[in-house]
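Each chain, letter by letter, is given below.
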Amino acid sequence: MRILTIVGNRPQFIKAAAVSGVLRRRHEEVLLHTGQHHDDNLSRIFFAQLGLAEPERRLEIAGGSNTSQTARMLAALEPILAETDPRAVLVYGDTNSTLAGGLAAAQAGVPVIHVEAGMRSFDRSMPEETNRVLTDHLSSLLLCSSQTAAQNLAAESAHGSAVVVGDVMVDVALRWQPAARADRSLPERYGVQPGSYLLASAHRAGNVDVPQRLEELVELIEAMPLPVLFPVHPRTRARLRETGLDDRLAADPHVTLTEPLGYAEFTTLLCHSRAVLTDSGGVQKEAYLAGVPCITLRPNTEWVETVRSGWNTLVDLDAQAALAALDAAPPAGERPPLYGDGKAAERCVEAIEAWDARSAATVAA
Ligand code: UDP
C-alpha cells in the first residue's frame, strides 16, 4: 500500500526515523516535509544522523502564525493528496504539520493514521493540545504510546480504532543511549563534568512568548546551583533577543548557550547530565529512559507516567520548586518500561496492515 507520511519538525523527524524504515521494507512511503522546521540544525542533521530517507516532497512552509501556517499547508496539501492518491496519510504528534496533514486528508476522504495519539495535557491553552485533539478525532487509526492515551481516546469517544503500540521515540532512544553513555568526552568539550551539570531545553509558546514568563525562565536557570548547558531553540533565541535577556544569560558564567544540537550530541549530553530542565515532551521520556531526573518547566504534562514514577517533577517556572526537585534523591530500584520495549515502530506497521485488511474486508462485505 502507499502511505503519505507528513512531517515538519524536529521531534517528527525522530519519530519518522523509527517508523519509516520498517514501513518502506514492506510498503511504499511518500515522505513529505512541510518545511515547518527548515534550519539545518533542526532538520537536515536529523535526516543525516538518523538515516531518514530524503523527503520525496517538500512544501517549504514555515513562519507566520499557527493559523496562517496551517492554512498554507492545507492549501498546498490538497493537490498533492490528489496526485499521490495514498491509501492513508500518516501523521505524528501535535504540530501544525500534524493538524494540516490530518485535516487535508480527512477532507479529501483519505484515512488518517495518527502516531502518538491520545496524549493529553488537558490544557487547551497549548496550541499542541488543540492539534492533538482535532487530529485524533479525524483519524481512523490511533496508534498510542501508552494505556493512558488509549483511555483518553475512549473517554472522548474518538471514532477511530486505538491500538497501544508503545512509543516510537523510545525505539530511537534505546538504540542511541548505549553509545551516548559510553562517550564521556563530549560534556568536557562543553566545559562541564559528567554527572555535575544540568541540560536545559525550552521552547513552548507558554514559556517563551510571554516576556514575563521568559524572564522567570531565565531567573530559574540563573538560580541553579550547577553549570547549565542550554542548546537554544530558534524560537527561544528570537524571544531572548527581542527582550535583551540573551545578553543577561550569556553573561552568566555558569550558563553555556549553544545552537540546537544533533540527536547524537543531545542524547550524549542528556545521559551524562545530573538532571534535565525542560518543557519538551520528548525529553521527559528520554530522561526517564536514561535514568536522569527530569525537572519539567510546565504545570502539566502528557507523560504522566514519568511523574508518577518519581523521575519527573512538574515545577512550572518556580525556581524554588526546581531547586527542591534537584535536591530530592531519585527513586531507588528498576525503572519499568513505561512506553514499550523499543519495538513500537514494528507494531505501528503491523497495526496499519491489520487496519488495512479489516477495512478491505468491510468494503468487500
Ligand atoms: N533534541 C535534539 N537537540 C536539541 C534539543 C532536543 O536532538 O538541541 C531532541 C530531543 O532529544 C528529543 C527531541 O529533540 O528527542 C525533542 O524535540 P522538541 O523539544 O523540539 O519537541 P517536543 O518533544 O517538545 O515535541
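The sections below set out a description of the structure shown in this document. (Residues numbered from 1 in each chain as written. Predicted model: local features only at pLDDT ≥ 70, side-chain atom pairs only at ≥ 80, totals over all residues. Heavy atoms only, no water.)

1. Concerning the overall build of the protein chain
In step 1: Along the protein chain, the regular secondary structure elements total 17 helices and 13 strands.
In step 2: The C-alpha radius of gyration computed for the protein chain amounts to 20 Å, which stays within 12% of the reference 21 Å derived for 365 residues, consistent with globular compactness.
In step 3: Here the contacts in the protein chain between residues at least 6 apart in sequence split such that 69% fall between residues at least 24 apart.
In step 4: In the form shown here, the protein chain has an accessible surface area of approximately 14,400 Å², with 53% of it arising from carbon and sulfur atoms.
In step 5: Charge centroids of the protein chain, computed over 33 positive and 45 negative side chains, lie 3 Å from each other. (Helix = DSSP H or I, 4+ residues; strand = E, 2+ residues; numbered from the N terminus. Rg over C-alpha atoms; globule rule 2.2 N^0.38 Å. Contact = heavy atoms within 4.5 Å. Areas by Shrake-Rupley, 256 points an atom, 1.4 Å probe, with all protein chains shown as cover. Lys, Arg positive; Asp, Glu negative; His and termini not counted. Charge placed at Lys NZ, Arg CZ, Asp CG, Glu CD.)

2. Observations concerning the site of the ligand
In step 1: Around the ligand, 18 residues are found, and the nearest of them are Arg204, Leu261, Ser280, Gly282 and Glu286.
In step 2: Contact between the ligand and Leu261: a nitrogen atom at 2.7 Å from a main-chain N or O atom of the residue. (Near = heavy atom within 4 Å. Polar contact = N/O pair within 3.5 Å; in protein donor to acceptor, adjacent residues only side chain to side chain.)

3. Notes on unusual backbone geometry
For residues that are not glycine, phi is negative in most cases, and the peptide bond is trans in most cases.
In step 1: One non-glycine residue with positive phi stands out, namely Glu60, at about 55°.
In step 2: Among the structural elements, Glu60 can be located in the loop between β3 (57-58) and α3 (66-84).
In step 3: Overall, the relative accessible area of 60% leaves Glu60 in the exposed class.
In step 4: The phi angle at Asp316 is positive, at roughly 55°, despite the residue not being glycine.
In step 5: Checked against the element boundaries, Asp316 lands in the loop between β13 (312-314) and α16 (319-327). (Buried < 20%, exposed > 50% of the residue type's maximum accessible area, 1.4 Å probe, protein only.)

4. Regarding helix α6 (residues 147-155)
In step 1: Thr148, Ala149, Ala150, Asn152 and Leu153 are the residues of α6 that are buried.
In step 2: As for α6, its buried residues are in contact with β5 (112-117), α5 (127-138), β6 (141-144), β7 (161-164) and α15 (304-308).
In step 3: With its phi angle positive at about 50°, Ser157 sits one or two positions after the end of α6.

5. Overview of the environment of Ser125
In step 1: Structurally, Ser125 can be placed in the loop between β5 and α5.
In step 2: Measuring from C-alpha to C-alpha, the distance between Ser125 and Asp247 comes to 30 Å, with 122 residues separating the pair along the chain.
In step 3: In terms of polar contacts, Ser125 uses its side chain to reach the side chain of Asp123, at 2.6 Å.

6. Describing the packing of helix α13 (residues 263-271) against helix α14 (residues 281-290)
In step 1: The N-to-C vectors of α13 and α14 enclose an angle of 55°; their axes lie 10 Å apart at closest approach. Relative to α14, α13 is oriented oblique. Like other packed secondary-structure pairs, α13 and α14 cross with a definite hand, here right-handed. Residue-level contacts link Tyr263, Phe266, Leu270 and Cys271 of α13 to Val283, Glu286, Ala287 and Ala290 of α14.
In step 2: When its residues are assigned to classes, the contact of α13 with α14 shows seven nonpolar, no polar and one charged. (Axes fitted to C-alpha atoms, helices over the stretch in contact; angles between N-to-C directions. Parallel < 35°, antiparallel > 145°, perpendicular 65-115°, else oblique. Left-handed = near helix turned anticlockwise from the far one by under 90°. Nonpolar A, V, L, I, M, F, W, Y, C, P; charged D, E, K, R; others polar.)

7. Notes on the side chain of Thr84
In step 1: With respect to the helices and strands, the residue Thr84 is situated in helix α3.
In step 2: Owing to a relative accessible area of 10%, Thr84 belongs among the buried residues under this scheme.
In step 3: A polar atom in the side chain of Thr84 sits 2.7 Å from the backbone oxygen of Ile80.
In step 4: With near-sequence residues (within four places) excluded, Thr84 lies in contact with Arg2, Leu4, Val30 and Arg57.

So far we have only geometry, and geometry alone does not tell us how the molecule works.
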